[in-house]
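One letter stands for each residue in the lines below.
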Amino acid sequence: MDKMMRVMWCERPNQVEIRYQKVYEVGDDDVLIKVAYTGVCPWDVRAFYGLKSSVAFPRVLGHETSGIVVEVGKNVTHFKVGQRVVPDFIVKCGVCKACRTGRSNRCLNPTFMQFGGGYADYVRIPQQNVYQITRPETSMRAAAFTEPLSCVLRGQEGLHLYPGEVELVVGVGPIGLMHLQVARTFGARVIASDPNPQRLEKARELGAEWVINPDQEDMADFVKKVTDGWGVDAAVVTVASARVIEGTVPLLAPGGRLNIFAGIYPKDELKLDPNLIHYNELVITGSADSTPQNYQRALALIESGQVNTETLISHLLPLEKLAQAFDMVKSQAGLKIMMNVNGEV
Ligand SMILES: [Zn+2]
Ligand SMILES: [Zn+2]
């Protein structure tokens, strides 16, 4: 009898149900992974509620996954059954101009595994998109953050921090809390800003030198005070708001760099004083997704313990409770919501 698996099937936006189907057949270059954990990302949530028109349905969502190799195709030499791994669900073409100029995160012909997302018992991934967890002490829950951390790392690399510089992280949900930790690995001192006191407390625990609630204190005064009037050398805006970006640019020091990390929907426009950018030689940049280099290095940051991801999990839910998990992320309940698919209890 064919082996069966559970998938959380989304026939259309706003609708998810458990279905049973045959386990994928493994192609010659594929790795079949039994999913341990899959995190719930705001991207999945926006797609589920139909807020991203570019996302095709039906589909199985979920792209922040860790698991165990259970079968390999005949051309697969690098992976063995039983290894613990993390998959990257976006296969880059490898031959387009973006791929060949170090920006494969912007690949012109990427392939998404539309029917094979991580909210399922198994995923089938080409071997070039699989990354091995090398240390036995690395937890599968921590490793499931490799994808979002790889995106964070890409954004932080673009800020070109020097040790001792001050970075402002605006918004310290799970993503901002990873930005804060990566900035610290580059030697920066971090100001964390968020209206949620629990999130600020977590930021403090993870090494923010200063925390500020922008609803209660004036941001510009605060930044002036802690940087002796200089401003922040770098800033990342993790919240999807053009107004917040407009409020952050004037906080930058001469030579300051800004990363616009979150996409903004519905579309909006920025109003900025060009003289501020001109005279202060500001660099305003963005980042989206990640490259294989970012992926490999993100996993290394998790495995070395330099970025603590497991501490960001506020709720572990069984796979069947996915609709509830989407709802929780939408209402910003807790921190990271993670689905326990076949992980330890
Ligand atoms: Zn994600
Ligand atoms: Zn490409």
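Everything here concerns the structure above.
Residues numbered from 1 in each chain as written. Chains lettered and ligands numbered in written order. Predicted model: local features only at pLDDT ≥ 70, side-chain atom pairs only at ≥ 80, totals over all residues. Heavy atoms only, no water.

Enquirer: How would you explain the overall build of the protein chain if you had to name every residue and give the values?
Expert: When helices and strands are counted, the protein chain shows 11 helices and 17 strands. The C-alpha atoms of the protein chain give a radius of gyration of 20 Å, which matches the 20 Å a tight globule of 345 residues would have. Overall, the C-alpha framework of the protein chain stretches about 70 × 40 × 40 Å when taken along its three principal axes. Buried residues in the protein chain amount to 53% of all 345 residues. Here the protein chain displays about 16100 Å² of accessible surface, and carbon together with sulfur accounts for 51% of that area. (Helix = DSSP H or I, 4+ residues; strand = E, 2+ residues; numbered from the N terminus. Rg over C-alpha atoms; globule rule 2.2 N^0.38 Å. Buried < 20%, exposed > 50% of the residue type's maximum accessible area, 1.4 Å probe, protein only. Areas by Shrake-Rupley, 256 points an atom, 1.4 Å probe, with all protein chains shown as cover.)

Enquirer: Go over the coordination of the zinc ion (ligand 1), please, and point to the residues and values.
Expert: Protein ligation of the zinc ion (ligand 1) involves Cys41 (SG), His63 (NE2), Glu64 (OE) and Glu147 (OE), the donor distances falling in the range 2.2 to 2.7 Å. Relative to the metal, the 4 donor atoms surrounding the zinc ion (ligand 1) lie at angles of 87 to 172°, and the coordination shape comes out irregular. Counting residues between consecutive donors of the zinc ion (ligand 1) along the chain gives the motif C-x21-H-E-x82-E. Taken together, the residues span a long stretch of sequence, with histidine 63 in the loop between helix H1 (42–48) and strand E4 (64–72) and glutamate 147 in helix H4 (residues 146–157) at a distance of 84 residues. Among the residues examined, histidine 63 registers a relative accessible area of 14% and is labelled buried. (Donors = N, O, S within 2.8 Å, 3.2 Å for Na, K, Ca; no water. Tetrahedral: all angles 85-135°; square planar, octahedral: opposite > 155°, others 65-115°.)

Enquirer: Tell me about the nonpolar core, residues and numbers included.
Expert: Leu149, Leu177, Leu180 and Ala203 are the most contacted members of the largest nonpolar core, which has 44 residues in total. Put simply, the parts of the chain that give this core at least two residues each are strand E3 (30–39), helix H3 (140–143), H4, helix H5 (174–185), strand E11 (189–193), helix H6 (197–205), strand E13 (232–237) and helix H10 (292–303). Every residue in contact with leucine 180, bar those within four places of it in the chain, is listed here: Val169, Val190, Ala203, Leu206, Gly207 and Ala208. Counting residues in each nonpolar core, the second largest holds 43 residues, with Val16, Tyr24, Val69 and Ile337 among its members. (Core = buried A, V, L, I, M, F, W, Y, C linked by side-chain atoms within 4.5 Å. Contact = heavy atoms within 4.5 Å.)

Enquirer: Can you explain the layout of surface pockets? Please cite residues and give values.
Expert: The volume enclosed by the second largest pocket comes to roughly 160 Å³. Around the second largest pocket, the lining residues are Arg103, Asn105, Arg106, Arg154, Gly155, Gly158, Asn259, Thr285, Gly286, Ser287 and Ala288. At the level of elements, H4 and strand E15 (283–286) are the ones that each hand at least two residues to the lining of the second largest pocket. Here the lining of the second largest pocket is built from residues that sort into 1 nonpolar, 7 polar and 3 charged. Both domains that meet at the lining of the second largest pocket, namely domain 1 (4–149 + 290–340) and domain 2 (159–286), each give it at least three residues. (1 Å grid on protein atoms, 1.4 Å probe; cavity = no way out; pocket = protein on both sides within 12 Å on 5 of 7 lines; lining within 4 Å. Points joined across faces, edges and corners; volume = space filled by probe spheres on them. Nonpolar A, V, L, I, M, F, W, Y, C, P; charged D, E, K, R; others polar. Domains from an automatic or database assignment.)

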